[in-house]
Amino acid sequence: MRNVFERAFHRWDIRRRIRRRDWTAIYVGDYRSAPTWAYTIGFHAALGAPEVIIFDIPMASANGLFHEIYSDLKAGRLVMRDNEAWRPGESQHPPIWREVHPSRLYDNDPENPWLGLAEDFATILAPEKGPIAAFQLVVSDPDGHFPWEPQYDERLRPLQRELYLPVAAAGDYPP
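In this numbering scheme, every chain counts its residues from 1 along its sequence in written order. Residue-level local features of this predicted model are given only where pLDDT is at least 70; pairs of side-chain atoms are given and counted only at 80 or more, and the full residue set underlies all totals for whole chains, interfaces and linings. Calculated side-chain values reflect all of the structure's heavy atoms, with hydrogen atoms and water omitted.

K.L.:
Please clarify how the overall build of the protein should be interpreted in this entry.
P.N.:
Looking only at helices and strands, one finds four helices and five strands in the protein. Start at the N end of the protein and walk to the C end: the helices and strands fall as α-β-β-α-β-α-β-α-β. Partitioning the intrachain contacts of the protein with sequence separation of at least 6 by distance along the chain shows that 54% fall at a separation of at least 24. Taken as a whole, the protein presents about 9400 Å² of accessible surface, with 54% of it coming from carbon and sulfur. Secondary structure follows DSSP: runs of H or I at least 4 residues long count as helices, runs of E at least 2 residues long count as strands, and numbering of each begins at the N terminus. Residues count as neighbours in contact if any of their non-hydrogen atoms are within 4.5 Å of one another. All accessible areas in this document rest on Shrake-Rupley with a 1.4 Å probe, and a residue is counted as covered only by the protein chains that are shown.

This is the structure we're talking about:
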């Protein structure tokens, strides 16, 4: 019975946060084990924009990034495109937008519902806008290499999942 109340409270809290600023973020994991990720809920309903997911970024940093992304989307300064850098020129190795593969969006994999609540709330908040899309903001390793490049530091791969690849093609690692 307790879980029913906890889930109901969690969903109420998510709606409250979305009503307050049009979107919210969900943080999954403890940053002591991999994977840990954060994603948005509400970009789709408020702006008709894709939701955003990012891996292995501490909660405060992810929240700051999501605020910037939301502001850029709302002001029309950002249009996410697959394989394009976000804010090139602001850093030596800017993060890259990668479109999340449709096979990764929904709860097809009950062990890893990467954007689990985003689709649920999209159908509640804006059913007329249809299914969500999402983009992963992919960060480079310390040497500036990305997961799809051969020089990428393989020790970091379990920290940043490849949601831009279909389920069958991705090199997913168990939690």
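K.L.:
I would appreciate a short explanation of the sheet that holds strand S2 (residues 37–41) in the present structure.
P.N.:
Strand pairing in a sheet relies on backbone hydrogen bonds, with the paired strands running either antiparallel or parallel. Strands sit in the order S1-S2-S3-S5-S4 across an open sheet of five strands; the sheet is mixed. With one partner strand each, in any of the chains shown, strand S1 (24–28) and strand S4 (96–99) form the two edges of the open sheet. Pairwise comparison of adjacent strand axes, ignoring direction, gives a mean angle of 25° for this sheet. Running over the sheet, helix H4 (residues 116–125) touches S1, S2 and strand S3 (51–55) and is turned about 5° from S2. In short, DSSP must find at least two bridges between two strands for them to pair. Whenever a helix is involved, its axis is fitted only over the stretch in contact; in every case the axis is a line through C-alpha atoms, and angles between N-to-C directions fall within 0 to 180 degrees.

K.L.:
Hey, could you run me through the packing of aromatic side chains in this one?
P.N.:
Each pair of aromatic rings is reported with the distance of its centres and the angle of its planes. Think of it this way: a Phe, Tyr or Trp ring, Trp meaning its six-membered ring, pairs with another when their centres are within 6.5 Å, and the plane angle makes it stacked under 30 degrees, edge-to-face over 60, tilted otherwise. Counted under the stated rule, the structure contains 10 aromatic pairs. Ring geometry for Trp 23 versus Phe 43: centroids 5.6 Å apart, planes at 80°, classification edge-to-face. Residue Trp 23 is located in the loop between helix H1 (2–21) and S1, and its partner Phe 43 is located in helix H2 (residues 43–47); the two are separated by 20 residues in the primary sequence. Considered together, Trp 23 and Phe 43 belong to a single accessibility category, that of buried residues. Joined through ring pairs, the aromatic side chains of Trp 23, Phe 43, Phe 66 and Tyr 70 make up one cluster. Only Lys NZ and Arg CZ are tested; either one counts as a charge over a ring when it is within 6 Å of the ring centre and within 35 degrees of the ring normal. A cation sits over an aromatic face here: Arg 21 above Trp 23, 4.2 Å from the ring centre. The side chain of Arg 98 reaches across the aromatic face of Trp 148, ending 4.7 Å from its centre. The classification of residues rests on relative accessible area computed with a 1.4 Å probe and restricted to protein chains. Under 20% of the type maximum is buried, over 50% is exposed, and intermediate values are partly exposed.

K.L.:
Just checking my understanding: could you explain the pattern of salt bridges for this structure?
P.N.:
As a working rule, side chains carrying opposite charge can pair if their charged atoms are close by. For this analysis, a salt bridge means a side-chain nitrogen from Lys or Arg found within 4 Å of a carboxyl oxygen belonging to Asp or Glu. Under the counting rule described, the total for this entry stands at 11 salt bridges. Of the charged contacts in the structure, one is a salt bridge between Arg 98 and Asp 82, with a shortest N-O distance of 3.0 Å. In this pair, Arg 98 sits in strand S4 while Asp 82 sits in the loop between helix H3 (59–75) and S4, placing the two residues 16 residues apart along the sequence. With a closest N to O distance of 2.8 Å, Glu 162 and Arg 157 form a salt bridge. A relative accessible area of 9% places Arg 157 in the buried class. Members of the salt-bridge network, linked through shared partners, are Glu 68, Asp 72, Arg 77, Arg 87 and Glu 90.

K.L.:
Which parts of the structure should I look at to understand H3?
P.N.:
Count 3.6 residues to each turn of an α-helix, and residues three or four apart come out pointing the same way. By this rule, a helix spans an expected 1.5 Å times one less than how many residues it contains. Compared with the 24 Å implied by 1.5 Å per residue over 17 residues, the 24 Å span of H3 between its first and last C-alpha is a close match. Of the positions making up H3, those classed as buried are Ala 62, Phe 66, Ile 69, Tyr 70, Asp 72 and Leu 73. Buried residues along H3 cover an arc of 165° about the axis, so they all sit on one side. H3 presents Ala 60 and Lys 74 as exposed residues on the side facing more than 90 degrees away from its buried surface. Think of it as the arc spanned by the lines of direction from the helix axis to the C-beta atoms.

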